[in-house]
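Descriptive analysis of the structure
What follows is each chain in one-letter form.
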Amino acid sequence: MTSPDEQPAIRVEVRAAADLTVAELAHIHEVEERLEWGAPPDVQWGHPQWHVLVWQGDTLVGHAGLVRRTITVDGQSVEAGGLSGVWSLESERGQGHAKRAVVMAVAYACRDLAIANMLLLCREHVAAFYQRLGWERVEAPVTFDQPAGLYRWPALAMTLSCDGTQFPAGAIDLCGLPW
């Protein structure tokens, strides 16, 4: 039995979406449905190819999704890693779980997937969190596919370079559903 001062160990893992159990996927979706993402309600989203899971003991306390996709920037193909669905349980906020998920997702994308550029879509009020982790604001328009046609993202996008190079300048097309 653990004392109230002892916390179960934190474990962070990256798993392919196909390797998650039905219960794990259901839990992720259940948490995400309760969150206020600030995105327009009619936007259809894609699904992560990988999930970064932050566990405290047997409890999933944090998450980040990750995709790998060829996008276009100013009409030129760019391989990008997309970060999505970053959260920590409301009862666990301020414990560094979301930061752990983002750091692990970036490390996995840069090291294991050999991706040079990362991109995320977010709300203005969380921009400072990502900036502290090295992400930079995108000043160019970002578009993506939707059932009714091409959609222009009305909020903030941010990039992070894995190899120290500058993210290419120009209009960004995610070439599919947003992540």
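We now turn to the structure provided with this report.

Rules used throughout
- Residues numbered from 1 in each chain as written.
- Predicted model: local features only at pLDDT ≥ 70, side-chain atom pairs only at ≥ 80, totals over all residues.
- Heavy atoms only, no water.
- Buried < 20%, exposed > 50% of the residue type's maximum accessible area, 1.4 Å probe, protein only.
- Helix = DSSP H or I, 4+ residues; strand = E, 2+ residues; numbered from the N terminus.
- Pairing = 2+ DSSP bridges.
- Core = buried A, V, L, I, M, F, W, Y, C linked by side-chain atoms within 4.5 Å.
- Disulfide = S-S within 2.5 Å.

Here we take up the pairing of strand β3 (residues 59-73). Summarising burial for β3: 11 of the 15 residues are buried, a large majority. Relative to β3, strand β2 (residues 50-56) is paired through 7 bridges, and the arrangement is antiparallel. Note on β3: the bridge partner recorded for V54 is G62. Connecting β2 to the antiparallel partner β3 that follows it, the hairpin turn spans 2 residues, and G57 within it adopts a positive phi of roughly 65°. Here 11 bridges tie β3 to strand β4 (residues 76-88), and the two strands are oriented antiparallel to one another. Each bridged residue has a counterpart across the sheet, and for H63 the counterpart in β4 is W87.

Moving on, we come to the nonpolar core. Core analysis: the biggest nonpolar cluster contains 35 residues, and L83, M118, Y130, W135 and M158 have the highest contact counts within it. Elements with a minimum of two residues in this core: α1 (22-34), β2, β3, β4, α2 (97-112), β5 (117-122), α3 (127-132) and β9 (156-161). For this core, the leading source of residues is α2, giving 7 residues. The next biggest cluster of nonpolar side chains, apart from the first, holds 17 residues, and it includes V73, V78, A157 and L174.

Disulfide: a covalent bond connecting the sulfur atoms of a pair of cysteines. Taken as a whole and assessed by the stated rule, the structure comprises 1 disulfide. In this model C110 forms its disulfide with C162; the gap between the sulfur atoms is 1.8 Å. As the torsion about the S-S bond is roughly -60°, the C110-C162 disulfide counts as left-handed. You can see C110 sitting in helix α2 and its partner C162 sitting in the loop between β9 and β10 (172-173), a full 52 residues away along the chain. The exposure class assigned to C162 is partly exposed, which follows from its relative accessible area of 25%. No disulfide involves C122; its nearest neighbouring cysteine sulfur is the one of C162, lying 17 Å away. This cysteine, C175, is not joined by any disulfide, and C162 carries the nearest cysteine sulfur, 19 Å off. The class for C175 is partly exposed, based on a relative accessible area of 36%.

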